[in-house]
Amino acid sequence: MKFPKRVYLTEVGPRDGLQNEKQPVPAATKIELIRRLTDAGVRQFEATSFVSPKWVPQMADAVEVMAGIQRPAGSRVSVLAPNVRGLEGALASGADEVVIFGAASEAFSHRNINCSIAESIERFRPVAEGALANGLRLRAAISVAFGCPYQGEVPLESVLDVVRRMRDLGCHEIGIADTIGVGTPEHVYRTFEAAAKEVPLANLSGHFHDTYGQALGNTLACLEVGVDKFDSSISGLGGCPYAKGATGNVATEDLVYMLHGMGIETGLDLDGLVDAGQWISDQLGRPNGSRAGRALLSRRASAAQAAEAAA
Ligand code: HMG
Ligand code: MG
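Analysis parameters
- Residues numbered from 1 in each chain as written.
- Chains lettered and ligands numbered in written order.
- Predicted model: local features only at pLDDT ≥ 70, side-chain atom pairs only at ≥ 80, totals over all residues.
- Heavy atoms only, no water.
- 1 Å grid on protein atoms, 1.4 Å probe; cavity = no way out; pocket = protein on both sides within 12 Å on 5 of 7 lines; lining within 4 Å.
- Points joined across faces, edges and corners; volume = space filled by probe spheres on them.
- Helix = DSSP H or I, 4+ residues; strand = E, 2+ residues; numbered from the N terminus.
- Nonpolar A, V, L, I, M, F, W, Y, C, P; charged D, E, K, R; others polar.
- Polar contact = N/O pair within 3.5 Å; in protein donor to acceptor, adjacent residues only side chain to side chain.
- Donors = N, O, S within 2.8 Å, 3.2 Å for Na, K, Ca; no water.
- Near = heavy atom within 4 Å.
- Areas by Shrake-Rupley, 256 points an atom, 1.4 Å probe, with all protein chains shown as cover.
- Sits in = over half its atoms within 2 Å of the grid points.

Trainee: Got a minute to help me understand the layout of surface pockets in this structure?
Mentor: Unfilled space is identified by rolling a water-sized probe across the atoms. What the largest pocket holds in volume is close to 760 Å³. Forming the walls of the largest pocket are 40 residues, and the residues nearest its centre are S49, V51, S52, P82 and F101. Sorting the residues of the lining of the largest pocket by element identifies α1 (13-17), β2 (44-49), α3 (62-68), α4 (84-92), β4 (97-103), α5 (106-113), β5 (137-143) and β6 (173-178) as the ones contributing at least two each. Broken down by class, the residue content of the lining of the largest pocket amounts to 20 nonpolar, 13 polar and seven charged. Put simply, the second largest pocket is a space of about 460 Å³. G236, T247, G248, N249 and G289 are the residues nearest the centre of the second largest pocket, which is lined by 26 residues in total.

Trainee: How should I be thinking about the side chain of R15 in this particular structure?
Mentor: When you line up the elements, R15 lands in helix α1. For R15, the side chain forms a polar contact with the side chain of E46, separated by 2.7 Å.

Trainee: Honestly, the coordination of the magnesium ion (ligand 2) in this entry has me stumped. Any pointers?
Mentor: Six octahedral donors at a metal ideally form angles of 90 or 180 degrees, and four tetrahedral donors ideally form angles of 109.5 degrees. Only D16 (OD), H207 (NE2) and H209 (NE2) from the protein reach the magnesium ion (ligand 2) as donors, at distances of 2.1 to 2.3 Å. Positions of the donor residues of the magnesium ion (ligand 2), expressed as sequence spacing, correspond to D-x190-H-x1-H. Of this pair, D16 sits in helix α1 while H209 sits in the loop between β7 (204-208) and α9 (215-225); the two residues are 193 residues apart in sequence, bridging distant segments of the chain.

Trainee: Please clarify how the site of ligand 1 should be interpreted in this entry.
Mentor: Ligand 1 sits among 26 residues. The nearest are K54, R85, N114, S143 and T179. Separating an oxygen atom of ligand 1 from a side-chain N or O atom of Q19 is a distance of 2.9 Å. With respect to ligand 1, the side chain of H209 contributes an N or O atom lying 3.0 Å from an oxygen atom. Contact with the protein chains hides 76% of the accessible area of ligand 1, taken as 1,100 Å² for the molecule alone. In this structure, ligand 1 is accommodated by the largest pocket. Among the elements of the structure, α1, α4, α5 and β5 are those that each provide at least two residues to the shell around ligand 1. Tallied by class, residues from the shell around ligand 1 come to 11 nonpolar, 10 polar and five charged.

The analysis is restricted to geometry; functional conclusions fall outside its scope.
As structure tokens, this is what we get:
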């Protein structure tokens, strides 16, 4: 089987990972998380969202976070922007990439951004034009492409319709998202194969929440199609405020472990990611959600014990 030799990961932990945390996470913690991630080689990351603080209170400190982060050479800092006000925030804060986010089901579109799919595209139009006119990269996310918590099944044609609309807005990249993690590999394969007939394969990315434990399998299905761009979240942090019970994205550490094991380059340092994942889990007071992270930490602890015993 032929897989891409290099895969490009966008770290979404600081945004998708933290947006659903009930307790306010201090901006300083978000900034420190991003520093630790960039130390581990991360260069593409979603730092925050310029959205209504009434809708997503955790992202209310977007300006502070953007002002505080370090941006090593080659960084691509992305922010979510649902409307022109969000675009203004993105431009003022020096973001490199704007992410517009729509949905493949009407019900989810209403819950997440309070408008229909058609209305959302009209709202995104000036955001897309403004981002492109200012030389920013433009990415789209399409939620609930494999199942919707409100509507249930989502027909492939609905997904492709939104893919075409996002393409026509000039998006450089279109992320097809499994918001509630219900997709399985054959479904994912079929969807990406069909989407690749609408836009070049190089412009597609996968965004898999791991609620049902399918995210790595779904990623492998995408790799078989030839997709080489994925989102992931450090230590599997996250969930969507408008998709109850949805857990985080595939853990970055798990994905990197798999990709490196397959001989696929990511440019990321797995050990550094494991440290960053444990650090943020400690900060949030929750168990580390990365299985590879936990396994590597326990292997390290055993090696340290053995070395101590031998000394
Ligand atoms: P609305 O209530 O219809 O809009 O919300 P509005 O224009 O009437 O504004 C309401 C209030 O928000 C007003 O304030 C606006 O000023 C303010 P008020 O007058 O009441 O004091 N406002 C803003 N404030 C800051 N920045 C802005 C902004 N816009 C309006 N950009 C709206 C519509 C889109 C604004 C709202 O629904 C919203 O912000 N939604 C965001 C939802 C969200 O962030 N969801 C999570 C991210 S998407 C996701 O996680 C999925 C993804 O990971 C892929 C996947 O897994 O599926 C990407
Ligand atoms: Mg998501």
